[in-house]
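Residues per chain, in single letters:
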Amino acid sequence: MRSHPRKSSPFICRSPRKERRMNVIDSNPYELLIGETWRAGAEGRTFDTFNPANAQVLARVHEASAADVDAAVQAAHAAYETHWRKTTPTQRGKLLRRLADLFERDREKLAWIETLNVGKPITHSLDSLKAMPESLEYFAGIIPALRGETIPVGNADVLNFTIREPLGVCALIMPWNYPMTLTINKLGPALAAGNTVIIKPSEVTPLSTMALARLFEEAGFPPGVINVVNGSGAAVGERLVSHPLVARVSFTGGTVTGARIMAAAAGDVKRVTLELGGKSPLIVFEDAPLDKAAAVAAGDIIKNSGQVCIACTRLLIQDPVRDEFLGLLQQRLDAVRVGSPADPATEMGPVVSAAQMQRVEQYIRLAGAEGAKPVRHGRMALEGEMAKGFFVPPTLLLNSHGRMQSAQDEIFGPVQSVIGFADEAEALRIANDTRYGLAAVLYTRDGGRALRMARGLQSGSVAINTGVRTSFDAPFGGYKQSGIGKERGLEAIYENTQLKNIKYDTAI
Ligand code: TXE
């Protein structure tokens, strides 16, 4: 039995009506999950986590010490060696399906927690969690795909074949923009492949993961298979990534942090999967359905306040249709309701933190200084305590060009640079002129041009005449400094394994 079980849900406001008050407070700090115990950090330190819509403290969370990180790794290693690596695909599949059912049962509650801690409008939180049970079931279902093959080698007496094996202990380091969906996306394939895990949520948004962690035990996962440690990247994250018993690190976050993690993991040649930043182009040719393209452009800036790695934050518009396209886009952005994430009518909430708000505002000022023209849109409804929230309105940086710093750096807020181009060659040149390569969208009715562009774009995902929307069953990952490796789909489960070649001389 795990120690200190909570008697009831720590989230005291369960009904949507009450939650509109935006105060979900547990007087006890959230504990760490290490092996079979829920416990405080060994050094007794805690940190606060906030509601970005009103800057109020939501809860306190125990911070892991170096000794706690080591204990979590030891627990995950022991669980892997003693039993988890020997489980059958059916046993692992059953547990993942049970977790999927429990997630579905608690989906609304988890969505509210995400809304309170991240600041996403509740309609968006509910929508983004909808596919999570199916994602867990998908990974349960593809475990039997972990097969090897027989290889006809030169000697007829020799049987040569491959088997896929798990890696061992995996560290899952999470960002703050989609804490719940990204955790599920990493957790599903890691466990399906037979690894044990340690999750480190972002210190900015730990709450929904802590609520999810309560379901692991209920689903029947044995102690040590899933562990959760909280704390800063510099202390807890770095310790985890450099631990010799950690075999693989899967990280989603900023490119600078990704490079640090890669360097820390290099010491003992750990596997790394890095899903990093982006500065994705949306390219609109003169023959495009402009209204549809404007809807996708507006959606990308509004959704999660633009804090989405695949958001198209560079709008490349062919010169003859620039004014018409901008008119349509600005009309949409002017109508966006910015306000309380708990209100179902709200389309855009705050950004995640005061630091992120300052960073975004700084970039808007920088764009002005570089010669772009920042124009703010949206209808802000910020009454009462929300006046203290971290809100930034949807902002277009008109008259930008591709080499401006504001058009090169990932801003991670509701901001888009608007850049003109004359022809296909120029569009491709500007689109590829960035250190990132995560996603690209293009709108044109010319099929040949669409395919030429899709081939030429240096990007891990390309969407033609539709927005980029990731799904759990299709591979996702960046080119260039947007990352290494693939998540989701079959590739994700392979990424969590290593391939062994065995040969056997049958003549002996
Ligand atoms: O993320 P970090 P931050 C981008 C976005 C944003 C910028 C900075 O541009 O403005 O990153 O955000 C942990 N060893 N994205 O600073 O630093 C950290 O504790 C191990 C893009 O919040 O990348 C957290 O759990 N771990 C993005 C996680 O890494 C470390 C999503 C992410 O933190 C660590 C979020 C270390 N040395 C931000 N340092 C996307 N790709 O979707 C930090 N961490």
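Refer to the structure printed above.
All of the points below concern the structure found in this document. Values in this document were obtained by computation on a predicted structure and should not be read as measured data. (Residues numbered from 1 in each chain as written. Predicted model: local features only at pLDDT ≥ 70, side-chain atom pairs only at ≥ 80, totals over all residues. Heavy atoms only, no water.)

1. What to know about the packing of aromatic side chains
Heads up, the rule is: Ring pairs are drawn from Phe, Tyr and Trp, using the six-membered ring of Trp, whenever the two centres fall within 6.5 Å, and their geometry is named by plane angle: stacked under 30 degrees, edge-to-face over 60, tilted for the rest. Under the DSSP-based scheme used, a helix requires at least four consecutive residues in state H or I and a strand at least two consecutive residues in state E, with every element numbered from the N terminus. Burial classes follow relative accessibility: with a 1.4 Å probe on protein chains only, a residue under 20% of its type's maximum area counts as buried, one over 50% as exposed, and anything between as partly exposed. Charge-over-ring placement is defined geometrically: NZ (Lys) or CZ (Arg) within 6 Å of the ring centre, and within 35 degrees of the ring normal.
As enumerated under the stated definition, the model contains five aromatic pairs in all. A centroid spacing of 6.0 Å and a plane angle of 50 degrees characterise the contact between tryptophan 84 and phenylalanine 221, whose relative ring orientation is tilted. Within this pair, whereas tryptophan 84 is found in the loop between α2 (66–82) and α3 (89–118), its partner phenylalanine 221 is found in the loop between α7 (207–219) and β8 (226–228), the two being separated by 137 residues in sequence. This pair shows no difference in class: tryptophan 84 is buried, exactly as phenylalanine 221 is. Joined through ring pairs, the aromatic side chains of Tyr138, Phe139 and Phe472 make up one cluster. It is lysine 120 that lies over the ring of tyrosine 178; its NZ or CZ is 4.0 Å from the centre.

2. Comments concerning the sheet that holds strand β16 (residues 395–398)
Sheets are built from strands that pair by backbone hydrogen bonding, the pairs being arranged parallel or antiparallel. Selection rule: A pair of strands counts as paired when DSSP detects no fewer than two bridges linking them. Throughout, an axis means a line fitted to C-alpha atoms (over the contacting stretch in the case of helices), and angles, computed between N-to-C directions, take values from 0 to 180 degrees.
Judged by pairing direction, the sheet is mixed, and its seven strands sit side by side in the order β14-β16-β17-β12-β11-β19-β20 without closing on themselves. Both edges of this open sheet fall to β14 (373–376) and β20 (461–464), since each of them pairs with a single strand only. Ignoring strand direction, the axes of neighbouring strands in this sheet form an average angle of 20 degrees. Relative to β20, strand β19 (residues 439–443) runs parallel, the two being bridged by four bridges. Looking at β20, one finds that alanine 440 is bridged to valine 462.

3. A closer look at helix α4 (residues 122–129)
Filter applied, for reference: To be clear, the arc concerns the directions from the helix axis to the C-beta atoms. The contact criterion used is simple: two residues touch if any of their non-hydrogen atoms lie within 4.5 Å.
Of the positions making up α4, those classed as buried are Ile122, His124, Ser125, Ser128 and Leu129. Seen end-on, α4 carries its buried residues on one side only, within an arc spanning 160 degrees. Against the buried residues of α4 lie α3, α5 (132–141) and α6 (179–192).

4. Quick notes on the pattern of salt bridges
To keep things clear, this is the line we draw: For salt bridges, the criterion is a side-chain nitrogen of Lys or Arg within 4 Å of an Asp or Glu carboxyl oxygen.
For the coordinates displayed, the defined rule picks out 23 salt bridges. Its salt-bridge partner being glutamate 361, residue arginine 376 comes within 2.7 Å of it at the nearest N-O pair. With a gap of 15 residues between them, arginine 376 in strand β14 and glutamate 361 in helix α12 (residues 354–370) connect regions that are remote in the sequence. Here arginine 376 falls in the partly exposed class, since its relative accessible area comes to 41%. For glutamate 361, a relative accessible area of 18% puts it in the buried group. In this structure, glutamate 424 engages arginine 452 in a salt bridge whose closest nitrogen and oxygen atoms are separated by 2.9 Å. In this pair, glutamate 424 sits in helix α13 (residues 424–432) while arginine 452 sits in helix α14 (residues 447–456), placing the two residues 28 residues apart along the sequence. Look at arginine 452 and you get partly exposed, because its relative accessible area is 47%. Each member of the salt-bridge network shares a partner with another, and the members are Glu43, Arg45 and Glu63.

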